[in-house]
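# Topology and contacts: notes
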Amino acid sequence: MGKCIVITGVAGFVGSNLAKRLLDQGYSVRGIDNLSAGTPENVDDRVEFHEADIRSPKVYPLFQGADAIFHLAAKTCLPECVNNPLEAASMNVLGTLNVLEAARRANARKFIYADTSAEYEGINEFPTREEQVRPIGVYAASKHGGAAFCESYRELYAMNVTILRYFNVYGPAQDWRRVIPPVMSSFIIRMLQGDRPVIYGTGQKRRDFIYVNDVNDFHLVALEDQRTNGRVFNVGSGMNFSVNEVYQLVEDLLKTGLQPVYKPELPGEAEITLADLTAAKSLGWKPRVEIREGLKRTIEYLQNRVLKAKVSFPGA
Ligand SMILES: NC(=O)c1ccc[n+]([C@@H]2O[C@H](COP(=O)([O-])OP(=O)(O)OC[C@H]3O[C@@H](n4cnc5c(N)ncnc54)[C@H](O)[C@@H]3O)[C@@H](O)[C@H]2O)c1
């Protein structure tokens, strides 16, 4: 049996992909999720799975014997965070604090926190470095609150914490069942179903998209490379694309002839995101999956599921 790694949010997009990667590398994985957003079919059979809420002290025993913890569980749907800020804070701040407490009691070697590029919402320097943050929206503020407690536990208890600021992660198992799914899944699914893709706003907002396997490459660095201890890293591709360009890339692959429908802008979305990757690259990591290849793999994954599920989309 390899080292035991606990993943919170294991039934979600990034967590389920990470679990598979760690298992394939020989680690054993204990996964926690309350299935509020994730689904059991995302969870690899080899995971020791516990359906539990990270806010409950009942999870403490699940951290015993853990070598490291990836804390990914969070309320991630932006409109839901806006509609219910107290619940967002409860999950993302108090939930994180409870997981830190569990990790401290279990004396785990390493704690890795899934932070977000939304921390940079109010910063207008591109590419953006890790040094300054200015969260504005509810989701960003709640993730910032969680990160602040990570820093606090690092200082108070000498906990070995690494904070990863993911940019727009995409790939298989992304939550395409949401009312407003993440942009790539949303385009692909609608177009596979013969529906016109929906763009909120003008489509000129630019996003740094990173394929989930590249994020997992960095997860392994964060887990085993001592130079990551106590540090914060951007995890993006270092390139950005407008939403209109993403539509065109998907259309080039699917060749549907469907034109986008433009709808009013969603509130609270940054104009531009772009990661400065100097810190992450200095450890020998670099993103490898080019956007067309990543989209091709995402399309392959969604093709079966969407056609089988016959999903319908509110907001269409
Ligand atoms: N996907 C991205 O592009 C992205 C970008 C930046 C940051 N992140 C961060 O990465 C992490 C993972 O994101 P994701 O895209 O996989 O999100 P996701 O919504 O797919 O997964 C989150 C998981 O956490 C679980 N969860 C939520 N509240 C819980 C609770 N109280 N107890 C137990 N489980 C709970 C959900 O059921 C879900 O399975 C999150 O912390 C998110 O803030 C993601």
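Here's what I pulled together on the structure shown here.

The rules we used
- Residues numbered from 1 in each chain as written.
- Predicted model: local features only at pLDDT ≥ 70, side-chain atom pairs only at ≥ 80, totals over all residues.
- Heavy atoms only, no water.
- 1 Å grid on protein atoms, 1.4 Å probe; cavity = no way out; pocket = protein on both sides within 12 Å on 5 of 7 lines; lining within 4 Å.
- Points joined across faces, edges and corners; volume = space filled by probe spheres on them.
- Helix = DSSP H or I, 4+ residues; strand = E, 2+ residues; numbered from the N terminus.
- Disulfide = S-S within 2.5 Å.
- Buried < 20%, exposed > 50% of the residue type's maximum accessible area, 1.4 Å probe, protein only.
- Pairing = 2+ DSSP bridges.
- Axes fitted to C-alpha atoms, helices over the stretch in contact; angles between N-to-C directions.
- Contact = heavy atoms within 4.5 Å.
- Nonpolar A, V, L, I, M, F, W, Y, C, P; charged D, E, K, R; others polar.
- Near = heavy atom within 4 Å.
- Polar contact = N/O pair within 3.5 Å; in protein donor to acceptor, adjacent residues only side chain to side chain.
- Areas by Shrake-Rupley, 256 points an atom, 1.4 Å probe, with all protein chains shown as cover.
- Expected span 1.5 Å × (residues − 1).
- Phe/Tyr/Trp six-rings, centres within 6.5 Å; stacked < 30°, edge-to-face > 60°.
- Lys NZ or Arg CZ within 6 Å of the ring centre and 35° of its normal.

Taken as a whole, the second largest pocket encloses approximately 290 Å³ of empty space. Residue lining of the second largest pocket: 15 residues in total, with N17, K20, P172, A173 and Y301 positioned closest to the centre. Every element with two or more residues in the lining of the second largest pocket is listed here: α1 (13-24), α6 (212-224) and α9 (291-309).

What follows concerns the state of the cysteines. This model, assessed by the stated rule, comprises zero disulfides. Looking at C77, it has no disulfide partner, and the nearest cysteine sulfur is the one in C81, 7.0 Å off. On the basis of relative accessible area, C81 is assigned to the buried category, the value being 0%.

Right, let's talk about the sheet that holds strand β2 (residues 28-33) for a bit. Reading across the sheet, the seven strands line up as β3-β2-β1-β4-β5-β6-β11 and stay open at both edges, with parallel pairing between neighbours. A single partner strand is all that each edge strand has here, and the edge strands are β3 (48-51) and β11 (232-235). With strand direction ignored, the average angle separating the axes of adjacent strands in the sheet is 20 degrees. Together, β5 (110-116), β6 (161-166) and β11 form the strand contacts of helix α4 (residues 138-157), whose direction differs from that of β5 by roughly 155 degrees.

To find leftover empty space, one rolls a probe the size of a water molecule over the atoms. Per the counting criterion, the structure on display carries one cavity of 30 Å³ or more. Taken as a whole, the largest cavity encloses approximately 40 Å³ of empty space. If you list the elements that add at least two residues to the lining of the largest cavity, you get α4 and β6. Tallied by class, the residues present in the lining of the largest cavity amount to four nonpolar, two polar and three charged.

So, about the site of the ligand. Residues in contact with the ligand amount to 30 residues; listed here are only the nearest, D33, T76, M91, Y139 and K143. Interatomic distance of 2.8 Å between a backbone N/O atom of L72 and an oxygen atom of the ligand. T76 is positioned such that a nitrogen or oxygen atom in its side chain is 2.7 Å from an oxygen atom of the ligand. The protein chains hide 94% of the 820 Å² of surface that the ligand would expose on its own. Of all the secondary structure elements, the ones that give two or more residues to the shell around the ligand are α1, β5, α4 and β7 (168-170). Ranked by residue count, the leading element in the shell around the ligand is β5, at three residues. When the residues that make up the shell around the ligand are grouped by side-chain class, the tally is 16 nonpolar, eight polar and six charged.

Mapped onto the secondary structure, V138 falls in helix α4. Sequence spacing of V138 and A118 is 20 residues, and the spatial spacing of their C-alpha atoms is 10.0 Å. Discounting residues that sit within four places of it in the chain, V138 has contacts with C81, V82, P85 and A88.

Bringing the side chain of S16 into the picture now. Along the chain, the position of S16 falls in helix α1. There is a polar contact of 2.6 Å between the side chain of S16 and the backbone oxygen of G12. Non-local contacts of S16, meaning those with residues more than four positions away in its chain, are made with V10, N42 and A173.

What follows deals with α1. Look at α1: 17 Å from first C-alpha to last across 12 residues, which is about the 16 Å you get at 1.5 Å a residue. By the criterion of burial, α1 is predominantly enclosed, with 10 of the 12 residues buried. Taken as a whole, α1 has its buried residues at F13, V14, G15, S16, N17, L18, A19, R21, L22 and L23. Structurally, α1 contributes buried residues whose contacts are with β1 (4-8), β2, β4 (68-71), β6, β7 and α6. Just downstream of α1, G26 is the residue with a positive phi angle, here 100 degrees.

This model, assessed by the stated rule, comprises seven aromatic pairs. Among the aromatic residues, those joined into a cluster by ring pairs are Y170, F209 and Y211. Over the ring of Y157 we find R104; its NZ or CZ atom is 4.8 Å from the centre of that ring.

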